[in-house]
Amino acid sequence: MYTGTADHALTAELVSLVDVPVVASGDVTSRARAQSVLATTRAEAVMVGRGAQGNPWALREIVDGETTEPTREEVAAELVLFVRETVRELGERRASGFLKKFYGWYLGRGRFPKEFKQELLQLDSTDEVERRLLAAAPGAFEIVERLEAEIPSGAELTLELPVSIYGGG
Amino acid sequence: MTTSTVSPFLRPMIALPTGDSFESLRSAGFASADPTMKYSGRLLGIDVAEADDGTDRDDARVHPLLVDDLGVREALLELRDAVLEHHLLVLRVVVLRVLRDLAELAGSRDALRYFPAPGRSQHVQLARQLLVALGSEDHILHKTPPETRSGACRPRQRSRNGSYPATTVKTPPEYHPTAVIDLREAWRIGPVEVPTRLVLAPMAGVSVQAFRRQGRRYGAGLVCSEMVSCAGIEHRNEKTLGYLRVASDEHPLAIQLFGSDPGPMADAARMVEAVGADIVDVNFGCPVKEGDEDGRRRAPARGSGSRVPDRGGDRRRRRRPGDGEAPPRRAERLALRPSSSGRGSSRPVRRH
């Protein structure tokens, strides 16, 4: 994991030297920070990475200034949706390992007790994880249903690859 | 001092109303109190210095008596400069009362109704002014500077186990009060219009389709894929090609490539275009440790590093395959690499 702090004076210098759009990346974790980076560097946009891991609400805060924290139900619902979509994308076997880091990211930040995260990490299948999440935040079920009704599954929207993955192109 | 531990997890969630007064309580650590609370026999309140440790904001609601406003406030006053703070609080209440009474008295003596008695809504306004005082910077309930409070989504920025690293960054924010930039403004990268000024970063092992689509829903204007190996695309590696699956609601989308052979990189870029991505993003060196593991991922950055200063009109030409001091071709690399046989994914696949 990368750690350190960004020196946006360098970003500002780069922006002054080139005539292509520059995206400033590094330590953008809040709307105040994003606006200050955009103002000081004159970059076209900011990039958020670690700040958005398990925390899409940070994006909402940065773009719209929407500061309300998500409820537990909302957090659990987004995580359930994320688990389902990732399993569809990667398959259960890869997804169950891949998702483990996301449990900590979503459930941390004071949203759920640490023990609960530990408990999820012990579970074998993503089905069990989903059941446990919905049991922990019962209201999440309705939110998941609503989200799934509103948002089409990635499976319906994903384009076929123009090459066969078997036998080469 | 006695300590009791209550698992907040056994209790149903209670949503807190939001508003000035509750926000200010929460930021002082009350509403987000740890499962562990300390009671002192004398105060029967919460030791604020300790209450910020933990995780659950609803736990404070579990002990309604303990977080009774007045009781807590008095306990706090004792912790701080009791006399001064208390006087200030009393003074605020008195001033507001006087203001209200004045308005009322003036109303009764004013036949022409230039100063009518405050209506119900005005009473509410006046009462809210008291709450504004509670929410102000120098109020006793606020130990933290206001900028960290308005920092929004996350109530606290500590991380003990390092599991949520974004909060460990302690850069003091710079302030530019005049700068009000609309992040909902569209901008362009060449022909691609990006609807907001926020880009979701390409992150290896994170930026899967679910992550990108979620990011789009929450306001990211441009999303990026994980880094995709050009060699993997060249060999039609099944797992690599899986990274190229694009959903139609992800646009605009950048797919990130890494590689060192110009030829396969050009082919991979064409492939990225064919799968429907809007932007080809080339990884010229990234801070992740894995970047070095097989010697190829950072190769473009190293290879071109020495040539950057004299970039001119011929920059493009230099990238052409087989040109100048191109990195070693695949066959040469395989010959140079000591343990190339044991790696399933990077083994060259015969494609016919």
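These numbers come from a predicted model, not from an experiment.

A. The nonpolar core, seen in detail. Membership of the largest hydrophobic core comes to 75 residues, with the highest contact counts inside it found for Val46, Val48, Leu59 and Val80 of chain A together with Leu198 of chain B. Ranked by residues supplied to this core, first place goes to helix α4 (residues 72-90) of chain A with 9 residues. Apart from residues lying up to four places away in sequence, Val46 of chain A is in contact with Val23, Ala24, Val28, Ala34, Val37 and Leu38 of chain A together with Arg197 and Leu198 of chain B.

B. Region of the structure containing helix α8 (residues 126-136) of chain A. Residues Val129, Glu130 and Leu133 of chain A constitute the buried set of α8 of chain A. Along α8 of chain A, the residues classed as buried sweep out an arc of 95° about the axis, all on the same side.

C. Just the confidence of the model for chain A, in detail. This prediction gives chain A a mean pLDDT of 90; 93% of its residues lie at or above 70. Predicted confidence in chain A is weakest over helix α10 (residues 154-157) of chain A, with a mean pLDDT of 80, and strongest over strand β2 (residues 45-48) of chain A, with 96.

D. Focus on the environment of Glu73 of chain A. Residues and elements named next belong to chain A. Here Glu73 shows up in helix α4. The spatial distance from the C-alpha of Glu73 to the C-alpha of Leu133 is 9.2 Å, given a sequence separation of 60 residues. For Glu73, the residues in contact, after removing those within four places along its chain, are Ala137, Gly139, Ala140 and Ile143.

E. Local environment of unusual backbone geometry. Note the cis peptide between His251 of chain B and Pro252 of chain B, where omega equals -5°. Checked against the element boundaries, Pro252 of chain B lands in the loop between α10 (238-242) and β7 (253-258). For Arg42 of chain A, which is not glycine, the phi dihedral falls at a positive 60°. Checked against the element boundaries, Arg42 of chain A lands in the loop between α2 (31-41) and β2. What makes Arg42 of chain A partly exposed here is the crowd of 13 C-beta atoms within 10 Å. Look at Arg109 of chain A: it is not a glycine, yet its phi comes out positive at around 55°. Summarising the element assignment, Arg109 of chain A is placed in the loop between α6 (100-107) and α7 (114-122). Given 26 C-beta atoms within 10 Å, Arg109 of chain A falls into the buried group.

F. Spatial organisation of helix α8 (residues 209-217) of chain B. Most of α8 of chain B is tucked away: 8 of the 9 residues are buried. Within α8 of chain B, burial applies to Gln209, Ala210, Phe211, Arg212, Arg213, Gln214, Gly215 and Arg216 of chain B. Contact partners of the buried residues in α8 of chain B: α3 (56-64), α4 and α10 of chain A together with β5 (198-200), β6 (222-229) and β7 of chain B. Following α8 of chain B by one or two positions, Gly219 of chain B has its phi on the positive side, about 120°.

G. Fine view of the environment of Phe116 of chain A. Structurally, Phe116 of chain A is set in helix α7. A C-alpha to C-alpha distance of 9.5 Å links Phe116 of chain A and Gly104 of chain A, two positions 12 residues apart in sequence.

H. Representation of the packing of α4 of chain A against α8 of chain B within the structure. Remark: α4 of chain A packs on α8 of chain B, axes separated minimally by 8 Å, with the N-to-C direction vectors making an angle of 140°. Between α4 of chain A and α8 of chain B, the angle is such that the two are oblique. Where α4 of chain A abuts α8 of chain B, its residues Glu78, Phe82, Glu85, Thr86 and Glu89 of chain A lie against Gln209, Ala210 and Gln214 of chain B. Among the residues forming the contact of α4 of chain A with α8 of chain B, the class breakdown is 2 nonpolar, 3 polar and 3 charged.

What counts and how
Residues numbered from 1 in each chain as written. Chains lettered and ligands numbered in written order. Predicted model: local features only at pLDDT ≥ 70, side-chain atom pairs only at ≥ 80, totals over all residues. Core = buried A, V, L, I, M, F, W, Y, C linked by C-beta atoms within 7 Å. Buried ≥ 20, exposed ≤ 12 C-beta atoms within 10 Å, placed from the backbone. Helix = DSSP H or I, 4+ residues; strand = E, 2+ residues; numbered from the N terminus. Contact = placed C-beta atoms within 7 Å. Arc of directions from axis to C-beta. pLDDT = per-residue confidence, 0-100. Axes fitted to C-alpha atoms, helices over the stretch in contact; angles between N-to-C directions. Parallel < 35°, antiparallel > 145°, perpendicular 65-115°, else oblique. Nonpolar A, V, L, I, M, F, W, Y, C, P; charged D, E, K, R; others polar.

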